[in-house]
Amino acid sequence: MSLIIEYCVTVYLCSRKYMGEMPCISMDKSLKLKMGTVAIIGMVINDLTIIDIAKKANVSTATVSRVLNGTGNVSPKLRRRVEQVVAEENYIPNIFAKGMIRHSIQTIGVICPILLDPIHARYLSVIERNLRSHGFNVLLLCNMGRDSNKSPYLEQLLSKMVDAIILVGITMEEVAHPDSFVRAAAKVPILIVNGFLEAHNVYCVYADEYAAIRDVVCMLFQKGYRRPLYLYDTWTFSGYQKYNGYMDAFRSAGRDPDPDLLLRVEDFPEEAEMPEYYYCVSHSREIMEQALQRGLDFDCVVTADDILAAGAIEALRNAGRDLTRLPVIGFNNTFVADCTYPKLTSIDNLPDEMCSLAVSHLISVLKKKNKMQRLITPYRLAQRDSFVL
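Quick caveat: nothing in here was measured; it's all calculated off a predicted structure.

A. A look at the packing of helix 3 (residues 61–69) against helix 4 (residues 76–88). For the pair helix 3 and helix 4, interaxial distance at closest approach is 10 Å and the crossing angle is 75 degrees. On the basis of the axis angle, helix 3 is roughly perpendicular to helix 4. Packed against helix 3, whose contacting residues are T63, V64, V67 and L68, the element helix 4 presents L78, R79, V82, E83 and V86 at the interface.

Structure follows, in structure tokens:
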């Protein structure tokens with residue numbers, strides 16, 4: 001329904017060919033169709049402009065503009081007159097009309113795969129808060145991680161006249177086939193949080209998760225552990241970086257990685273009758289149980305996500321394994337790390353710092369102050385009971 005309203009409003013505004021005048025949406029309490037108006041689902045589009053507001057308030061259009069936009073100095077007396085007319089007319093400035101004049105509607109589109117994922121929710125919280133502090137609104141789309149084709153989502157955001165688009169993560173398939181992103185980036189800047197894609201007008205801010213996994217596995221080798229099992233799931237850019245970090249840790253130690261130590265939790269099936277969070281925990285537990293049943297030899301566990309680590313710990317405890325002698329390390333340092341027993345040591349990719357930097361970088365791109373394509377942020381190891389250096 002909102003799409004119909006916005007489409008009709010846009011067509012109406014274009015047909016009226018307002019140039020410097022700012023049309024508005026006025027709520028007509030009686031909902032009766034008036035001369036010179038168009039009714040759209042309980043709303044009435046009036047011909048009222050800031051020129052009309054200025055005449056009714058007996059002030060200049062510049063004064064009306066300053067009052068509406070909260071800019072410049074306006075005397076309390078004139079401000080009250082303008083505000084009174086605005087209230088009487090139920091005046092609501094149309095952001096699309098304003099955007100046509102300013103070439104900006106102060107809105108950033110955000111595409112996120114899974115809202116229920118704790119780390120994604122944290123990303124979005126920080127992104128929205130930082131964008132709002134810069135005067136931008138957020139238009140959020142979620143594909144639930146099940147649709148690898150983001151072209152429709154990109155096109156939908158572009159149709160809303162957003163100033164830029166932020167992507168939370170990116171899959172390796174999308175990196176290999178970036179055509180839809182290239183087309184969208186020809187119109188507005190695209191910023192990828194915790195992902196990388198090399199293309200014009202695409203900017204990326206991501207944590208050094210390759211170094212995080214590599215360094216942790218190397219630390220385990222230095223402490224005498226020899227067979228670290230790696231439990232992972234998604235094949236995103238982030239997942240690919242972690243996987244390569246694990247493999248290169250073996251090579252830097254002069255050893256060949258053992259493929260038996262690589263255990264993957266399959267992607268969340270669309271037909272699953274449980275939330276993805278529970279699926280990941282239960283499936284990682286099952287995979288670990290199967291590894292124990294077939295006698296897989298490993299002396300420590302590194303995982304790509306705290307949720308996977310939670311399932312692994314449960315399986316190890318049920319099997320009677322001594323977790324004081326078998327380190328388990330998670331990733332993302334979410335609330336899950338404090339809910340396991342023992343409490344989970346986890347790699348923290350510092351999402352607050354990463355997302356704050358991403359928004360600051362995007363603002364500088366929009367202001368044409370910075371065109372650096374990629375920024376890489378650090379990590380830290382949040383130590384708890386499951387592994388202590």
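Let us keep going from here.
B. Seen up close, the side chain of S180. Its place among the elements puts S180 in helix 9 (residues 179–185). What makes S180 buried here is its relative accessible area of 12%. In contact with S180, not counting residues within four places along its chain, are S151 and L154.

C. Broad picture of unusual backbone geometry. Of note, the bond from Y341 into P342 is cis; its omega dihedral lies within 30 degrees of zero at 0 degrees. Locating P342 in the fold gives a position in the loop between strand 13 (328–331) and strand 14 (345–348). At N194, a position not held by glycine, the phi torsion is positive, near 60 degrees. For N194, the position within the fold is in the loop between strand 8 (190–193) and strand 9 (202–207). Exposure remark for N194: the relative accessible area of 8% places this residue in the buried category. Positive phi outside glycine occurs at N333, with the angle close to 50 degrees. Note on placement: N333 falls in the loop between strand 13 and strand 14. Overall, the relative accessible area of 10% leaves N333 in the buried class.

D. Broad picture of the pairing of strand 10 (residues 228–232). Of all five residues making up strand 10, five are buried, and the element is well covered by its neighbours. Here strand 10 shows two buried faces, one formed by P228, Y230 and Y232 and the other by L229 and L231. Judged from the three bridges that link them, strand 10 and strand 11 (residues 262–264) form a sheet pairing that is parallel. Bridge assignment links L231 to a residue of strand 11, and that residue is L263.

E. Local environment of the sheet that holds strand 15 (residues 374–377). Spatially, 6-5-7-8-9-15 is the arrangement adopted by the six strands of the open sheet, whose pairing is parallel. A strand with exactly one partner marks an edge of an open sheet, and here the two such strands are strand 6 (137–142) and strand 15. Going from strand to strand, the sheet's axes swing by 15 degrees on average, the running direction of each strand aside. Bridging between strand 5 (residues 107–112) and strand 6 involves six bridges; their strand directions are parallel. By the bridge assignment, I111 is partnered in strand 6 with L141. Packing against the sheet, helix 14 (residues 351–366) makes contact with strand 5, strand 7 (164–168), strand 8, strand 9 and strand 15, and its axis sits at approximately 160 degrees to strand 9.

F. Structural view of the packing of aromatic side chains. Tallied over the entire structure, the rule returns eleven aromatic pairs. Taken together, a centroid distance of 5.0 Å and an interplanar angle of 20 degrees make the contact between Y230 and Y246 stacked. A residue pair is termed long-range when its members are at least 10 positions apart, and Y230 in strand 10 and Y246 in helix 11 (residues 237–252) qualify at 16 residues. Between W235 and Y243, the aromatic rings sit 5.2 Å apart at their centres with planes inclined by 75 degrees, giving edge-to-face as the arrangement. A residue is classified by how much of its surface remains accessible, and W235, at 32% relative accessible area, is partly exposed. Exposure remark for Y243: the relative accessible area of 18% places this residue in the buried category. Positioned above the aromatic ring of F298, the side-chain terminus of R321 is 5.4 Å from the ring centre. Between the NZ or CZ atom of R374 and the centre of the ring of F196, over which it lies, the distance is 3.9 Å.

G. Region of interest: the environment of A253. Take A253: it is sitting in the loop between helix 11 and strand 11. Separated by 36 residues in sequence, A253 and V217 place their C-alpha atoms 9.8 Å apart.

H. A look at the packing of helix 6 (residues 118–133) against helix 14. Helix 14 packs onto helix 6 with a crossing angle of 40 degrees between their chain directions and a minimal axis gap of 9 Å. With respect to helix 14, the axis of helix 6 lies oblique. Considering only the axes of helix 6 and helix 14, their crossing is right-handed. Residues I119, R122, Y123, V126, I127, N130 and L131 of helix 6 pack against P351, D352, M354, C355, S356 and V359 of helix 14. Grouping the amino acids of the contact of helix 6 with helix 14 by side-chain chemistry returns nine nonpolar, two polar and two charged.

Parameters and conventions
Residues numbered from 1 in each chain as written. Predicted model: local features only at pLDDT ≥ 70, side-chain atom pairs only at ≥ 80, totals over all residues. Heavy atoms only, no water. Axes fitted to C-alpha atoms, helices over the stretch in contact; angles between N-to-C directions. Helix = DSSP H or I, 4+ residues; strand = E, 2+ residues; numbered from the N terminus. Parallel < 35°, antiparallel > 145°, perpendicular 65-115°, else oblique. Contact = heavy atoms within 4.5 Å. Buried < 20%, exposed > 50% of the residue type's maximum accessible area, 1.4 Å probe, protein only. Pairing = 2+ DSSP bridges. Phe/Tyr/Trp six-rings, centres within 6.5 Å; stacked < 30°, edge-to-face > 60°. Lys NZ or Arg CZ within 6 Å of the ring centre and 35° of its normal. Left-handed = near helix turned anticlockwise from the far one by under 90°. Nonpolar A, V, L, I, M, F, W, Y, C, P; charged D, E, K, R; others polar.

So yeah, pure geometry; function would need other evidence.
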